[in-house]
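Residues per chain are reported as follows:
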Amino acid sequence: MSRSEGQDWGGYGLNPSAWKLVCNKEESVGKKLTIDLFASASNAKCQRFHSLHHTPGAESADAFDRLSWARSKCQCGQTHSEFVYVFPPMDLLLPMWIRLQTDRAAGIAIVPMSPGAPWWTIMTSALQSDIQTFPGTSLTIPEGCAKINANNRLTNLEFAIVEFDFSKSLCPHTKSPTFTPICSQATTQRLPSAVLSASASAIAARRDLWRLLSFPSVSVRN
Ligand SMILES: [Zn+2]
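This text gives an overview of the structure that appears in the document. Keep in mind that this is a model prediction, so the values were computed, not measured.

Check the secondary structure of the protein and you find four helices and 12 strands. Contacts in the protein between residues at least 24 apart in sequence constitute 68% of all its contacts with a sequence separation of at least 6. By element, 57% of the accessible surface of the protein is carried by carbon and sulfur atoms, the whole surface being about 12,500 Å².

What follows deals with unusual backbone geometry. With the exception of glycine, the majority of residues adopt a negative phi angle, and the majority of peptide bonds are in the trans configuration. In this structure, Asp62 is a non-glycine residue whose phi angle is positive, near 60 degrees. Tracing the backbone shows Asp62 in the loop between β5 (60–61) and β6 (71–73). Residue classification places Asp62 among the partly exposed residues on the basis of a relative accessible area of 25%. For Arg104, which is not glycine, the phi dihedral falls at a positive 55 degrees.

So, on to the pairing of strand β9 (residues 106–112). Of all seven residues in β9, seven are buried, a share of seventy percent or more. Taking every second residue as pointing to the same face, both faces of β9 are buried, with Ala106, Ile108, Ile110 and Pro112 on one and Gly107, Ala109 and Val111 on the other. Pairing of strand β8 (residues 84–86) with β9 involves three bridges; the strand directions are parallel. If you follow Val84 over to β9, its bridge partner there is Gly107. Of the pairings in the sheet, the one linking β9 to strand β12 (residues 159–165) comprises seven bridges and is antiparallel in character. Each bridged residue has a counterpart across the sheet, and for Ala109 the counterpart in β12 is Val162.

This part is about the nonpolar core. Counting residues in hydrophobic clusters, the biggest one holds 25 residues, and the most contacted among them are Val86, Trp97, Leu100, Val111 and Phe164. For this core, the elements supplying multiple residues, two or more each, are β8, α2 (93–103), β9, α3 (120–124) and β12. Aside from chain neighbours lying at most four places away, what touches Val111 is Leu93, Trp97, Trp119, Trp120, Met123, Glu158, Phe159, Ala160 and Val162. Counting residues in hydrophobic clusters, the runner-up holds 15 residues, among them Leu21, Val22, Tyr85 and Ile108.

Secondary-structure assignment places Glu82 in the loop between β7 (79–81) and β8. We classify Glu82 as buried; its relative accessible area is 6%. Only 2.8 Å separates the side chain of Glu82 from the side chain of Arg48, close enough to count as a polar contact. Excluding residues within four positions of it along the chain, Glu82 makes contact with Thr34, Ile35, Arg48, Arg66, Trp69, Ala70, Arg71, Ser72 and Ala106.

Read from one edge to the other, the open sheet built from five strands follows the order β3-β8-β9-β12-β10, with strand pairing classed as mixed. Since the sheet does not close on itself, it has two edges, and those belong to β3 (35–36) and β10 (132–133), each with one partner. Relative to β12, β10 runs antiparallel, the two sharing two bridges. When the bridges of β12 are listed, Thr133 appears paired with Ala160.

According to the stated counting rule, one finds five salt bridges in the structure shown. Of the charged contacts in the structure, one is a salt bridge between Arg99 and Asp103, with a shortest N-O distance of 2.7 Å. Remark: Asp103 and Arg99 occur in helix α2; sequence separation between them is four residues, near one turn of the helix. Comparing Arg99 with Asp103 shows no difference in burial state: the two are buried. Each member of the salt-bridge network shares a partner with another, and the members are Arg48, Glu59, Arg66 and Glu82.

Cut-off values and rules
Per-chain numbering applies: the sequence of each chain, read as written, is numbered from 1 onward. With pLDDT at 70 or above as the cut-off, local features in this predicted model cover only qualifying residues; side-chain atom pairs require 80 or more to be listed or tallied, and sums for whole chains, interfaces and linings still use all residues. Hydrogen atoms and water are omitted, and side-chain values are computed over all heavy atoms in the structure. Strands here mean DSSP runs of E at least two residues long; helices mean DSSP runs of H or I at least four residues long; both are numbered from the N terminus. Note on contacts: a residue pair qualifies if any of its non-hydrogen atoms lie within 4.5 Å across the two residues. Here the open area of atoms and residues is found with the Shrake-Rupley method and a 1.4 Å probe, where only the protein chains shown may cover a residue. The buried label applies to any residue whose accessible area, calculated with a 1.4 Å probe on protein chains only, is under 20% of its type's maximum; exposed applies above 50%, and partly exposed to all values in between. The pairing criterion for strands is at least two bridges between them, as found by DSSP. Only buried Ala, Val, Leu, Ile, Met, Phe, Trp, Tyr and Cys residues count toward a nonpolar core, and they belong to the same one when joined by side-chain atoms within 4.5 Å. N or O atoms within 3.5 Å of each other form a polar contact, as long as, within protein, one can give a hydrogen and the other can take it, and as long as residues adjacent in sequence are counted only when both atoms are side-chain atoms. For salt bridges, the criterion is a side-chain nitrogen of Lys or Arg within 4 Å of an Asp or Glu carboxyl oxygen.

What follows is the structure in structure tokens.
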């Protein structure tokens with residue numbers, strides 16, 4: 001889970017030099033990426049990450065189940081703003097940009113260059129710097145997807161790094177909420193996986209109990 005280079009990204013392979021560009025962008029912005037919202041244990045770029053399913057080390061499964069992508073409660077007791085890293089599966093691009101906008105989140109994203117896509121205008125409304133395409137993008141197609149890629153279209157996609165901040169798109173009369181600056185714990189893992197799985201089963205048990213209470217089975221006898 002270190003920010004190592006050259007690992008695969010949930011099926012996609014990314015040129016290590018592209019990750020270097022993300023790090024450079026992070027440095028030029030002067031902020032630290034706090035969480036990787038679409039990762040797996042093997043490819044997470046931040047210590048804190050979300051994966052699609054419950055995975056050891058993940059803060060929880062499915063980023064879309066989080067209360068907010070803009071801020072979170074830290075173990076230090078305070079609420080910090082997040083600076084998210086996002087490189088989502090392609091079919092999540094639109095829901096992801098809608099959610100980033102709704103939550104007024106900020107961060108760095110890797111996206112395919114698709115100016116005609118419906119999410120593109122949402123993204124460009126929050127850009128903080130130029131769209132930076134990678135030189136020499138190499139994208140490897142996950143195994144099993146070779147069929148869809150019969151025409152070699154995916155490998156020809158050009159990708160870009162963008163820095164965005166939706167918190168600034170507030171109406172001028174609305175004061176942007178302020179949060180405490182990031183502490184050293186803000187980027188470190190929040191929950192050991194044992195606690196995660198325990199809480200997951202507790203939630204499932206509660207859900208079953210609630211279902212029983214909400215929908216008591218009624219049998220009619222004559
Ligand atoms: Zn903290």
